[in-house]
Amino acid sequence: MTDKGIDITVFKGSPSGKIVASTTHKDSLKPDEVLLKITHAGLCGTDLHYKTSGIVLSHEGVGIVQQIGPEVTNFEIGDRAGWGYLHNSCGHCDECLSGNEIFCSERAMYGFSDVDQGGFASHAIWKAGFLFHIPNEISSSEAAPLMCAGATVFNAMHLYGMIPTDRVGIIGVGGLGHLAIQFAAKMGCQVVVFSGTKLKKNEAMSLGASEFYVTENMQALEIGAPLKHLFVTTSQQPDWNCYLNTLAPHAKIYPLTLSADALTLPYMQLVVNGITLQGSICPSRGTHVKMLRFAALHHIKPIIEEFPLTEAGIEEAIQRLENGEVRYRAVLVAENDIAGKSK
C-alpha cells in the first residue's frame, strides 16, 4: 500500500446475475488492520443469494499477509490468514464479553457490512482480530471452504451438547454434509447418513459414515436405534414426518442452510418428545480457531473443485453450483497460484 492507498480488483454480483469486475479503493491501513493478497476464495451457497446484488462476493477467503498496521502483533508479513462470515463486533456488549460475538447486535457480517470487499478480489483489508492463522497441515485451497462450511458444521456440533458415542444423523452429502460426516466421525460419534441417491454411499462411508440410507421415494425410515442429533445440510426441507420418527427423546435438530422459506414441522411430535429445534450460524472466533485445530489434527479436508479467480471462472463455478454439479466445494484460485497450492 502506497501513500495514495490501494486499488483492489473486486468481483461483484449484478442485477442480471453476471459477475462484474470493479475496483475498491482504500486510502490507508488502520493501526489494527491487515492487508492480504488473496490466493484462494471459496464459493458458498449463500453467495447465490447475493449474486444479483452489487456486493463483492465470497466470505471464504485465504491469502498472504502483505502489510500490517502498527498495532498488529499476532500476524507477520508472509503469514497465511483466512476469514469467514464475521468481520467485526462492538467488543463490549454481553455477547462479545461472553465470547459470543457472532451474536453481537453491531456485528459486521457478510452481505450486510463491508460489502465493497470479499474473497473474490485481488486483496482485502480486515481487522487482525477477525483473521485466522491457517495451520501448516491445511493447504490454502482446502482452508477456504473451512472458513464457512467447516466452521458452520463444527459450531453446531461443538456448542450444543453433542458428545462421543452419540448417534448422529446427517441429511445430505454435499458441500456441508461431506464435512459434517468427517467432523462427527472424528468426534467419536455413530454417523447415520441420509441421501437421495445410493450413488454417494461409498463416498459417505469412506468419509466416516457408520450407516447410509437412501431416501428417494421413501414412505418411512427404519434405522434401528434413534438419533440424538439431526443435521440438515440440504437446501430443501426434508420430509419431517419421516425424520421425526427417527429421533430419540430430547433430540436436537439443526437446520444449517439458509432459506427464505418458512420452516414447517409437525407440532405434536416436537412437544411430546421434547425435541429441540436449534438455530446455528457460523461460529465466534474462539470456536473458529478450535475448528481449524481439530481439522488439522484429524486431517479433515473438504473435497474441492478449483476454478480461476476471474470473471469467467466465477461464473463457471456459480453455474456448476446452481446445477448441483460441484463436488463438493468450489474454490477460486488467483492466477499466480493456479499451478500449485499455497502453503
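Quick note: structure is the one above.
Residues numbered from 1 in each chain as written. Predicted model: local features only at pLDDT ≥ 70, side-chain atom pairs only at ≥ 80, totals over all residues. Heavy atoms only, no water.

S.K.: For the sheet that holds strand β13 (residues 227–232), give the residues involved together with the corresponding values.
M.R.: Taken together, the 6 strands give an open sheet; going across it, the order is β12-β11-β10-β13-β14-β15, and neighbouring strands pair in parallel fashion. The open sheet has two free edges, formed respectively by β12 (211–214) and β15 (276–277), since each of these has just one partner strand. Across 5 bridges, the pairing between β13 and strand β14 (residues 247–255) is parallel. Residue pairing in the sheet places V232 in a bridge with P255 of β14. (Pairing = 2+ DSSP bridges. Helix = DSSP H or I, 4+ residues; strand = E, 2+ residues; numbered from the N terminus.)

S.K.: Which residues make up the pattern of salt bridges, and what values do they have?
M.R.: For the coordinates displayed, the defined rule picks out 11 salt bridges. One salt bridge in this structure joins R329 and E60, with 2.8 Å as the shortest N-O distance. Here R329, found in strand β17 (residues 329–333), pairs with E60, found in strand β4 (residues 60–68); they are 269 residues apart in sequence, far enough to count as distant. Both residues of the pair, R329 and E60, belong to the buried class. A salt bridge links E305 to R320; the shortest N-O distance between them is 3.1 Å. With a gap of 15 residues between them, E305 in strand β16 (residues 304–308) and R320 in helix α9 (residues 311–322) connect regions that are remote in the sequence. Each of E305, R320 and E325 takes part in one network of salt bridges that share partners. (Salt bridge = Lys/Arg side-chain N within 4 Å of Asp/Glu carboxyl O. Buried < 20%, exposed > 50% of the residue type's maximum accessible area, 1.4 Å probe, protein only.)

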